[in-house]
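# Residue-level structure breakdown
Listed below are the residues making up each chain.
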Amino acid sequence: MSPRTVRWREALARHGSALALYLGLALLMTWPLPLQATTAVPGNGFDTWQNMWNMWWLREALLTRSNPFFTPYLYYPHGAGLWLQTLNPINFLVSLPIHARFGLVVAYNFVVLFSLTMSGYATYLLARGILAGLGPAPLTHHRAALIAGVVFACSGYLLAQVLGSHTHMLAAWPLPLAALALHRAANRPGPGRIALAGALIALTALCDWQYLLFTLIWAAWYALARLLFHRPDGGGPLPRRRASGAPAVVAAIGLALLLVAPLAIPTARFAGQVPTAETEGGPTFRLEHSANLADFFIPSQIHPLLGPLAERLQGYKDHVHIQSKTAYLGLVALILAGCGLRDDRRFFWLLSAVLFALLALGPQLQILGWRTGLPLPGALLYDLPLLRISRYPLRFVVYTMLALAILAGLGARRLLAALERRARRPARAANLALAGLVALIAFENLTAPFPMVWVYVPPLYNDLGRDPEAYAILESPFSYDVSPTFLLFQIAHRKYLVGGYTSRTLPYPLVEQIPIVRMFAYASPQVDIIAQKPTTIAASVFSYFNIRYLMLHGTGGALSYHYLQKVAEAAAGGAPPERQIAALTYSDTFRASGLLRAMGPLKPIPAGSVLAYKVAPPDDPLPFLGIGAGWSPVTNSPDGVERRILGAAEVLIYSARPRDIILTLELTSPAPGRLAISVNGQEQAILELRGGQERHEVALRIASGATPVRLHASDTEIAVRALGIEE
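Residues numbered from 1 in each chain as written. Predicted model: local features only at pLDDT ≥ 70, side-chain atom pairs only at ≥ 80, totals over all residues. Heavy atoms only, no water.

On to the pattern of salt bridges. The final tally for this structure, using the stated rule, is 16 salt bridges. R518 is the salt-bridge partner of D528, the closest N and O atoms lying 3.2 Å from each other. With D528 in the loop between α24 (515–522) and α25 (534–544) and R518 in helix α24, this pair connects stretches of sequence that are 10 residues apart. The residues D528 and R518 share a single accessibility class, namely buried. A salt bridge links D528 to R643; its shortest N-O distance comes to 2.8 Å. (Salt bridge = Lys/Arg side-chain N within 4 Å of Asp/Glu carboxyl O. Helix = DSSP H or I, 4+ residues; strand = E, 2+ residues; numbered from the N terminus. Buried < 20%, exposed > 50% of the residue type's maximum accessible area, 1.4 Å probe, protein only.)

Okay, structure coming up:
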């Protein structure tokens, strides 16, 4: 056997053993996933369905050659932009063959196991690359690199992302690969190495935009560190800069930016049109989702033994999901990292860990719930334009864990080398030490039995999926707690969805304009100035928009609003609804005591039902009104509700056919004035107002479809108390 063949076999054995180790740990940490790979998934039954939907939609977009960043299936009839959606195309791509052969549930579970396994293996490769510069000791470096991979793959942060069903954040394996490529490009610059490093940085954008931003920050820091700390012999300033490898790192960053620009530019534009962390989550949202200093030293609440203790210790974050408060570094990892501090390579990785820990702490230092008011670097960071899309500072801890893993690998190398020098049987002693360290790291981050979620779809949705017609379904209510489940149901029925759950709340004209749709959206009275009875126009409204089914869910409160059922029954022409179980009990992922777990399959527990009403199209649909632009919000007055016309306002008249109507207006004004009414730019009437309360009627000829009617007030402020239609 030639020496080359021997080397290949040895390399294959080492890499194979590394992959086997990380796969085994992934199976252990997520147990009983292997027993339920076709019927359940690990997670919280919330973002679970959103990320499963992402995989489904990307496959649909691929098969239909559609733009993956826009879907007509959500926010019907307008569609939804997905530039800031957690699409994680990388998970879709790696799981596509599994998805095609075994289905979506198995593909989702594959993504979880693949991400954990590859995160360990990629960190192993990075650690081997770092350790290779410390002299020839392949077996020692192999064992030490294995430890580094275990620290990262079993980190509380990554396993908490499994619980949160954040598969986009779980796909962290490109991060160590990008770091390794940058390390190689800096040490031996060349076009091929720079191109590979730039491509791998860009690859992180296919995981999540936040990981791309984190990686760019890390790469910039790496370039600066190489420039400051690298000390080649001889030469002037320019040769020293080149020898440091910093220009190669900067070139890789530039290439990455060039590669992601076609996606980054429209994403940045889209980000300016949707809520930020402050406008959607409140002014303290980022602070609440930052790491507390104590979080680094408190085990994960998913731990089957230490979880209850962690829950008590993290009482200051009782209102935050477990995945947003788990930043445990690990006692064994810290001890090993302490041993690694005696190594020559320690400074960069130590500073990297500290830097990203500071960023994870967010805008200000918090200790055990006490907001110290001490500003941190994150206070400035989130004022930068692109970084404003990142809402969860704690996620910076991913690079803290990566740096800690390398430090732990350096420490493990020193310990194993010392053990091999002193032991009678060095290989046996080193292997036993390796096994012991792996067991200790796995135990302190243990998450088995992992909370599982039963993938349940009511049979009626599967029946709708067999209907070849195209139409929309309205799921009520659009509650934050239940809307993600509607994405799971959509995977089965494949119809357009009124509403939807996306990573950012999007403007929704249909709900804003049509009070009856708004009533179903929020399962509550939506008193407005439109004076048409919901029970009278329900069938006409839903038929006009091709909304075929109204689904009223007990979970979220739709079945507690009895008038809503009357309106739905009117839309269905009096036909009784179909009732089915529609919701199961899932884990409460705010705290350890709320997690549902078992070593074997978890029995589903029903938690709510749905009433399904099929809309009956009327023979002669009635025209109905919508609220356009230019109105003040609804306000209460002694005589009811009203909206003020802000200079000029728009009323939308929807009709299935051309017809003559009379638009009725009940107005109030403090002084005489005028109200001009025009349709499609042509003035139809000018109302002379005397001041006070008045009622006016305007005859209009409207076409089929949506007819915008413009109301322009002059000389006085006008408030409208009621709008109606007579024929």
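Here five strands make up an open sheet; going across it, the order is β8-β7-β9-β11-β10 and the pairing mixed. Of all strands in the sheet, those bounded by a partner on one side alone are β8 (496–498) and β10 (578–584). The average undirected angle you get between the axes of adjacent strands in this sheet is 30°. Relative to β8, strand β7 (residues 472–476) runs parallel, the two sharing three bridges. (Pairing = 2+ DSSP bridges. Axes fitted to C-alpha atoms, helices over the stretch in contact; angles between N-to-C directions.)

Taken in spatial order, the five strands of this open sheet run β13-β14-β21-β16-β19, and their pairing is antiparallel. Edge positions in the open sheet fall to β13 (635–637) and β19 (692–702), since each of these has one partner strand only. Adjacent strand axes in the sheet meet at a mean angle of 45°, parallel and antiparallel pairs treated alike. By the bridge criterion, three bridges tie β13 to strand β14 (residues 640–644) in an arrangement that is antiparallel. Paired with N636 across the strands is V641, a residue of β14.

Here we take up the pairing of β7. With five of its five residues buried, β7 lies for the most part within the structure. By the alternation rule, side chains of β7 split into A472, L474 and S476 and I473 and E475, which are all buried. The parallel pair β7 and β8 is bridged by helix α22 (residues 483–493), and the resulting crossover is right-handed. As paired elements, β7 and strand β9 (residues 547–553) share five bridges and run parallel to each other. Across the sheet, the residue bridging to L474 is L550, located in β9. (Right-handed = clockwise from strand over helix to strand, strands pointing away.)

Moving on, we come to the packing of aromatic side chains. Overall, the coordinates contain 39 aromatic pairs when judged by the stated rule. Of the aromatic side chains, those joined through ring pairs into one cluster are Y211, F214, W218, W221, Y222, F348, W349, F356, F396 and Y399. Over the face of the ring belonging to Y471 we find K495, whose NZ or CZ atom lies 5.0 Å from the ring centre. (Phe/Tyr/Trp six-rings, centres within 6.5 Å; stacked < 30°, edge-to-face > 60°. Lys NZ or Arg CZ within 6 Å of the ring centre and 35° of its normal.)

Below, the discussion takes up helix α19 (residues 397–422). Taking 1.5 Å per residue as the helical rise, α19 with its 26 residues ought to reach 38 Å, and the 37 Å between its terminal C-alpha atoms agrees with that figure. Within α19, 21 of the 26 residues are buried, which leaves it mostly tucked inside the rest of the structure. (Expected span 1.5 Å × (residues − 1).)

Turning to the state of the cysteines, a few remarks are in order. Taken as a whole and assessed by the stated rule, the structure comprises zero disulfides. Left without a disulfide partner, C154 is nearest to the cysteine sulfur of C207, which lies 19 Å away. (Disulfide = S-S within 2.5 Å.)

Okay, the side chain of H99 next. Here H99 lies in helix α3 (residues 89–102). For H99, the contacting residues outside a window of four places in its chain are M55, W56, R59, L104 and A107. (Contact = heavy atoms within 4.5 Å.)

Next up on the list: the pairing of strand β5 (residues 370–375). One ladder, built from three bridges, connects strand β4 (residues 364–367) with β5; its direction is antiparallel. Within β5, the position partnered with Q364 by the bridge is P375. The hairpin formed by β4 and β5 contains two residues between the paired strands, and L368 there has a positive phi angle of roughly 50°.

Okay, the environment of N292 next. One can find N292 in the loop between α14 (285–288) and α15 (307–313). Residue N292 is classed as buried on the basis of its relative accessible area of 1%. C-alpha of N292 to C-alpha of I367: the two residues are 75 residues apart in sequence and 5.7 Å apart in space. Among all residues touching N292, those that are not within four sequence positions of it are Y316, K317, L361, Q366, I367, L368 and G369. A polar side-chain atom of N292 sits 2.7 Å from the main-chain amide nitrogen of L368. (Polar contact = N/O pair within 3.5 Å; in protein donor to acceptor, adjacent residues only side chain to side chain.)

Next up on the list: the side chain of S540. Its place among the elements puts S540 in helix α25. In this structure S540 comes out as buried when scored by relative accessible area, which is 4%. At a separation of 2.8 Å, a polar atom in the side chain of S540 contacts the main-chain amide nitrogen of L622. Contacts of S540, omitting those with residues within four sequence positions, involve P618, P621, L622 and F624.

Let us now look at the packing of helix α17 (residues 346–360) against α19. Close contact between α17 and α19 brings their axes to 8 Å; oriented N to C, the two are set at 155°. With respect to their mutual orientation, α17 and α19 come out roughly antiparallel. Seen from above, α17 lies across α19 with left-handed handedness. In this structure, α17 contributes R346, W349, L350, S352, A353, F356, A357 and A360 to the contact, and α19 contributes V397, Y399, T400, A403, I406 and L407. (Parallel < 35°, antiparallel > 145°, perpendicular 65-115°, else oblique. Left-handed = near helix turned anticlockwise from the far one by under 90°.)

The end-to-end C-alpha distance of helix α12 (residues 246–271) is 32 Å, clearly below the 38 Å that 26 residues give at a rise of 1.5 Å each. At A261, α12 shows its largest kink, close to 65°, and the proline P262 lies no more than four residues downstream. The complete set of buried residues in α12 reads A246, A248, V249, A252, I253, A256, V260, T267, F270 and A271. (Bend = angle between axes of the 7 residues up to and from the residue.)

On to the confidence of the model for the chain. Scored by pLDDT, the chain has a mean of 92; 96% of the residues are at 70 or more. Least confident of the elements in the chain is helix α13 (residues 277–281), whose mean pLDDT is 57; most confident is β8, at 98. (pLDDT = per-residue confidence, 0-100.)

With that settled, the discussion passes to the nonpolar core. With 210 residues, the main nonpolar core has W218, I516, F520, F542, L550 and L552 as its most contacted residues. Beyond its immediate chain neighbours, meaning those up to four positions away, L552 contacts S476, F520, A558, L559, L564, Q565, A568, S609, V610, L611 and Y613. With 29 residues, the next largest nonpolar core counts I530, L663, I677 and V679 among its residues. (Core = buried A, V, L, I, M, F, W, Y, C linked by side-chain atoms within 4.5 Å.)

A word on the packing of helix α5 (residues 138–153) against α19. α19 packs onto α5 with a crossing angle of 150° between their chain directions and a minimal axis gap of 7 Å. The hand of the α5/α19 crossing is right-handed. Note on element contacts: α19 touches α5 through V398, M401, L402, A405, A408, G409, A412, R413, L416, A417 and E420, opposite T140, H141, R143, A144, I147, A148, V151 and F152. Grouping the amino acids of the contact of α5 with α19 by side-chain chemistry returns 13 nonpolar, three polar and three charged. (Nonpolar A, V, L, I, M, F, W, Y, C, P; charged D, E, K, R; others polar.)

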